[in-house]
Amino acid sequence: MARVTDQDLDPAVMRKQYRSEIVEEGSLADTPMAQFARWFQQAADAHVFEPNAMVVSTATPEGRPSSRTVLLKQFDERGFVFFTNYGSRKGREIEANPYVSLLFPWHPIARQVVVTGTASRVGRDETAAYFRSRPHGSQLGAWASEQSRVIGSRAELDHRYAELEARYPEGEQVPVPTEWGGLRVEPDAVEFWQGHENRLHDRLRYALEGGKWHVERLCP
């Protein structure tokens, strides 16, 4: 069995050399969402674990940030959509301060996509359509969990779920929770980051100015 030393656990000496092709401005799509679709497909083709996992960062009106990982469920030219309990910490913070950041950390292919933009609720029809597509257990879970709220024990959470399971057995329609739904992040900037050796990474950012996208290269 290999022995783990203190040096093995020293973050200061942990480093990898990224080897990949240079990303040229001319190779990019006209819009960030079209470029995201390309990279998202490539991440999926490379079997990145949960390529739709993204870190959502929000902040209070006073500027105190918080971050968590959620799953992207839809994207198109309008932006990026995820679903949550509106009473959760992120839901409450977005209600008070709609400016958010998203990070897709595709480490196995040495890529990241960083999004900044404004979040707003999707329509209830859109929420209901997605809710109906969820597995039955996930629908019940949305009711059982008052997301981000303090709960006395795991047993209490399991008891809530069991009661809902008895009320809405498999095959019976579960109503959409009123305080649960989608949030769409409309981007104003999207950065595509490709790792390279010697830390000379490519950072190409689409920025929105005057209703039009333009691409700028950032120093790594």
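Along each chain, residues carry numbers from 1 onward, in the same order as the chain's sequence is written. This being a predicted model, a pLDDT of at least 70 is required before a residue's local features are given, and a value of 80 or more before pairs of side-chain atoms are given or counted; all residues contribute to the totals for chains, interfaces and linings. Side-chain descriptors were evaluated using all non-hydrogen atoms of the structure, hydrogens and water having been removed beforehand.

Draft legend 1. Structural detail: the nonpolar core. We define a nonpolar core as any set of buried Ala, Val, Leu, Ile, Met, Phe, Trp, Tyr and Cys residues linked to one another through side-chain atoms lying within 4.5 Å. Buried means the residue's accessible area, taken with a 1.4 Å probe over protein chains only, is under 20% of the maximum for its type, while exposed means over 50%, and partly exposed covers the values in between. Within the largest apolar cluster, 30 residues are counted, with the highest numbers of intra-cluster contacts made by Phe36, Met54, Phe80, Phe82, Phe104, Trp106 and Val113. The helix and strand labels rest on DSSP assignments: H or I over at least four residues marks a helix, E over at least two residues marks a strand, and numbering proceeds from the N terminus. The element contributing the most residues to this core is helix 1 (residues 32-45), with five residues.

Draft legend 2. Representation of helix 2 (residues 89-96) in the model. The set of residues buried in helix 2 consists of Lys90, Gly91, Glu93 and Ile94. Down the axis of helix 2, the sector holding all buried residues measures 165°, keeping them to one side. In this structure, the buried side of helix 2 is in contact with strand 1 (53-59), strand 2 (65-71), strand 4 (79-85), strand 5 (99-106), strand 6 (111-121) and strand 7 (180-194). The arc in question is the one traced by the directions running from the helix axis out to the C-beta atoms. In what follows, a contact means two residues having at least one pair of non-hydrogen atoms within 4.5 Å.

Draft legend 3. Main features of the packing of aromatic side chains. Centres within 6.5 Å are what make two rings of Phe, Tyr or Trp a pair, Trp counting through its six-membered ring; a difference in plane orientation under 30 degrees is then read as stacked, over 60 as edge-to-face, and the rest as tilted. Inspection of the entire model under this criterion finds 15 aromatic pairs. Ring plane angle 85° and centroid distance 5.0 Å describe the contact between phenylalanine 36 and phenylalanine 75, whose orientation is recorded as edge-to-face. With a gap of 39 residues between them, phenylalanine 36 in helix 1 and phenylalanine 75 in strand 3 (residues 74-76) connect regions that are remote in the sequence. Where tyrosine 130 meets tryptophan 180, the ring centres are 6.2 Å apart and the plane angle is 10°; that geometry is what we call stacked. Here the residue tyrosine 130 occupies a position in helix 3 (residues 124-133), and tryptophan 180 occupies one in strand 7, the gap between them amounting to 50 residues. A single burial state applies to tyrosine 130 and to tryptophan 180, both of which are buried. Members of the aromatic cluster, each reached through a chain of ring pairs, are Phe36, Phe40, Phe75, Phe80, Phe104 and Trp106. The lysine or arginine in question, arginine 111, covers the ring of tryptophan 39, its NZ or CZ lying 3.9 Å from the ring centre. When the ring centre of tyrosine 86 is taken as origin, the NZ or CZ atom of arginine 121, which lies over that ring, is 3.8 Å away. We call a charge positioned over a ring when the NZ of a Lys or the CZ of an Arg lies within 6 Å of the ring centre and within 35 degrees of the ring normal.

Draft legend 4. Up close: the pattern of salt bridges. Think of a salt bridge as a Lys or Arg side-chain nitrogen and an Asp or Glu carboxyl oxygen that are within 4 Å of each other. Inspection of the entire model under this criterion finds eleven salt bridges. Where glutamate 25 meets arginine 217, a salt bridge forms, and the shortest distance between an N and an O atom there is 2.9 Å. On the criterion of sequence distance, the pair formed by glutamate 25 in the segment before helix 1 and arginine 217 in strand 9 (residues 212-217) is long-range, its members being 192 residues apart. Given a relative accessible area of 35%, glutamate 25 falls into the partly exposed group. Between arginine 184 and glutamate 126 there is a salt bridge; the shortest N-O distance is 2.7 Å. Of this pair, arginine 184 sits in strand 7 while glutamate 126 is found in helix 3, placing the two residues 58 residues apart along the sequence. Look at arginine 184 and you get buried, because its relative accessible area is 12%. Since its relative accessible area comes to 21%, glutamate 126 is described here as partly exposed. Here the residues in one salt-bridge network are Glu25, Asp202 and Arg217, joined through shared partners.

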